[in-house]
Amino acid sequence: MKLIASYNKKWLIYIVTFFLFFAVILLISEFYHERRFRIDVLNEKLDNYAWFANSYAGQCGILTDSNYAELDSLMTMIPSQTIRVTLINFEGDVLYDSEVKNAREMENHLYRPEIQEALKNDAGTDIRISNTTKSKYYYYARRFDQCFIRVSDLYDMSVREFIKPDRLFLIFIFLILLSASLAIVLITDKFGKSIRTLREFTLTALANKPIGEDFVFPENELGDIGQEIIEIYQKLNRTKEELISEKAKLIRHLNMFDEGIAIFSRDRQVITSNNNFIRFINYISDIRVFTADEFFRIADFNPIFNFINRNLQDANTNLADFQPTYEVTMNKGGRYFSVKCIVFQDRSFEVTVNDISKLTKRKLLKQQLTDNIAHELKTPVSSIKGFLETILEGNPDKARTTDYLRRAYSQSCRLADLVNDISLLTKMEEAASLYQLETVNLNELVGDIIGEIESQLEVNEINLELVLPQTIVLHGNSGLLYSVFRNLFDNSITYAGKGVTVKLENYMTDEEQYYFSYYDTGGGVPEEDLPRLFERFYRVDKGRDRKQGGTGLGLAIVKNAIQFHKGDISVKNRTGGGLEFLFTLARDLRSSQD
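These figures come from a predicted structure and were not determined experimentally. (Residues numbered from 1 in each chain as written. Predicted model: local features only at pLDDT ≥ 70, side-chain atom pairs only at ≥ 80, totals over all residues. Heavy atoms only, no water.)

### Observations regarding the nonpolar core
Reasoning step 1: With 43 residues, the main nonpolar core has L442, F485, F581, F583 and L585 as its most contacted residues.
Reasoning step 2: At the level of elements, helix 12 (442-459), helix 13 (478-495), strand 14 (501-509), strand 15 (513-520), helix 15 (554-564), strand 16 (569-573) and strand 17 (579-586) are the ones that each hand at least two residues to this core.
Reasoning step 3: Apart from the residues lying within four places of it in its own chain, the contact partners of F485 are L442, L445, V446, I449, L504, F583 and L585.
Reasoning step 4: Listed in part, the 31 residues of the second largest apolar core include Y283, I304, F305 and V328. (Core = buried A, V, L, I, M, F, W, Y, C linked by side-chain atoms within 4.5 Å. Buried < 20%, exposed > 50% of the residue type's maximum accessible area, 1.4 Å probe, protein only. Helix = DSSP H or I, 4+ residues; strand = E, 2+ residues; numbered from the N terminus. Contact = heavy atoms within 4.5 Å.)

### A few points about the pairing of strand 17
Reasoning step 1: Counting buried positions along strand 17 gives eight out of eight residues, so the element sits mostly inside the fold.
Reasoning step 2: In strand 17, alternate side chains face the same way, and those of L579, F581, F583 and L585 on one face and E580, L582, T584 and A586 on the other are all buried.
Reasoning step 3: Examined bridge by bridge, strand 15 and strand 17 share seven bridges and lie antiparallel to one another. Within strand 17, the residue paired with Q513 across the bridge is A586.
Reasoning step 4: Across five bridges, the pairing between strand 16 and strand 17 is antiparallel. Each bridged residue has a counterpart across the sheet, and for V571 the counterpart in strand 17 is F581. (Pairing = 2+ DSSP bridges.)

### Quick notes on the sheet that holds strand 6 (residues 260-264)
Reasoning step 1: The five strands lie next to each other as 7-6-10-9-8, forming an open sheet whose pairing is antiparallel. Of all strands in the sheet, those with a lone pairing partner are strand 7 (270-273) and strand 8 (325-332), marking the two edges. On average, adjacent strands in this sheet sit at an angle of 15° to one another, irrespective of strand direction.
Reasoning step 2: Relative to strand 10 (residues 349-355), strand 9 (residues 335-343) runs antiparallel, the two being bridged by seven bridges. Paired with C341 across the two strands is V351, which belongs to strand 10.
Reasoning step 3: Where helix 9 (residues 302-313) meets the sheet, it contacts strand 8, strand 9 and strand 10, and its direction lies at approximately 5° from that of strand 9. (Axes fitted to C-alpha atoms, helices over the stretch in contact; angles between N-to-C directions.)

### Observations concerning the confidence of the model for the protein
Reasoning step 1: When the pLDDT values of the protein are averaged, the result is 79; 76% of them are 70 or greater.
Reasoning step 2: Considering only residues more than four positions removed or in separate chains, one finds that residues 543-547, a stretch of pLDDT under 50, has 10 contacts. (pLDDT = per-residue confidence, 0-100.)

What follows is the structure, given as C-alpha cells:
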C-alpha cells in the first residue's frame, strides 16, 4: 500500500510539473503573440492615417507651397478625436503638429526613437510622454519621399485595453490545458495501475517470494503483457525447481558410482563432482588436493588438458554431430587408473577416473597364494625339523642344546604368527560376516597403540605427528581396525629407519567415509616394488625382512581390513622421501552393508 501511494504521488508530481511547465510556456507565448497582433493592428491603422495625410498633402500642394496650415482641414476627416499628426523634415525640424500652433518653435525631433527607427526601417514606434503636450502618446512615424509623417494616438485607457491581450482568450487556453491534463491523468490511471502491479511483481520475484493469484493486471495491453510475464516467470520457476531436484538426484547418483566423476563448464568451473573423483586424483597426484577445482593443477593429467584445450579452442568443430572423447591409462603407486574425458555440445566436459587395478590384482593374488603359503611354511618347518634332528642324533652338550631349542622356539613362534596371519586373512575373505561389529573410537584405539609402541618410538628416535579431530567414531570391528594402525606403525618402526617423522592425518570427512593419510619420511621403496607392497609374502629385501622377523603379511592384512570396512588404500613414494599411504574407512558398516 505504501508503494502504491508513493507511486501515485510521484505520478501526480510528474503530471502537475508537466502541465505547469507547458502551460506557462504556452500562456507566455500566447500573451506575446496576442499583444503583438494587437500592436500590429494599431500600427496598421496609424499607418493608414499617415498614408492618407501624405496623399492629402501631395494633392493640395501643401509640401510644395509650405502651406502647412491647410492640414488642419485634414484633421476633420479623421474619425478619431485623439489622433495627432506631425510633419517632420529630414533634418528633424517640425513643420506641422496638429496639437501645437507654433510647430516650428518645437525642438528638433531627429533623435526621437520613432524617427530613428523610421530612418532605418521606413517606419518606427514609441510610447512616451510628449515634452510639448505633457500627455502620453503612442507614436507611429512613416518616412516618405519629402518628410516624415508621424501619427500619434493618445495613450489612454482605451489604447491600453486595445493593446492588452484578451483575458478571456487566455482563460480559455488555460482551461483547455487543464482539461487536457485531467484527461491525461484519467487515461493513464489504468496504465499506472499496470505499472504498479508489475513493479510489485518484480520486487516479489527479486525477494524469491511465491507469486500468488492476487497479481491480476488491469484489462489493457500492458496488463496482458504483465500477465504473460507472470506466466513465463512461474513456468521458469517450476523449471528451476525441477532442475534443482534433478541436480540433487544426479549428485546422489554420482556419489554411488565407484568411478570418480567431475563435470566442468567451458570456462573450467566445477558444475558437480563426487568424492571418488577427489580421492582418485589424490592417489595419482604428488600434491594434496581438496576440491575438484584443483584438478587443473596436477601435471599428471596434461594429456587430458591438451585434449580439452584443442576442443575448446577449435570453434570450427561441430559438436552437435559427435562428442570428442579421449582415454588414457595411468600407473601410480602400483595402481592402474583409466582417465576418460568427453566434451559435450555446449563445450562443457566430463572427466571420469576409474580404478582398474583391483580385479587384476585379485586374480594375481589368488594364483600366487598357494605357492607363497607353501614357501613361507617350508622355511620355519625345515628349521624346526633340523634343530630337533640335531639334538636327537648329534647328542650335543647342554649349552648347544639350549641354543637349538631357543632357535626352534623362535621359528615355532614365527610359524604361529604366520598361521595366525593367514587365518586372519582367510577369515576376512571367506567368513567376513563372522566378525562382530561395534562402535569404535579411533582416537582411543590409536592412543592405545601409541602407548604400546612408545618405547620402540623412543629407541628409534621417531617423531610422531597426529592430525585428527577431537573425536572419530565409526561402526566396525575393533580388532581389524587395530591391525590396520598397528601394522602401519610397526612397518615404519621396522623399515623407515631412525630419526624419521611419522604422520597420521584425517584430511577429509564426508557423510559416508573418513579419509586418512599415513606417511613416514624414511627412504621409501623402489618404484618398481610399489605395485606389490600389498601382496601376501612379498618382501622388498627378503633376507633383511626375515632377519627382522616379518611374516610378509602385515600390509596385506592392512589392505584386507580396510576393504572389510568398505574402504580403499594406495601407496606412493613421497616427493620429500618416505612412503605415503592414502586410505578410507566407512563411518558405519551397517549402512554400507545395506
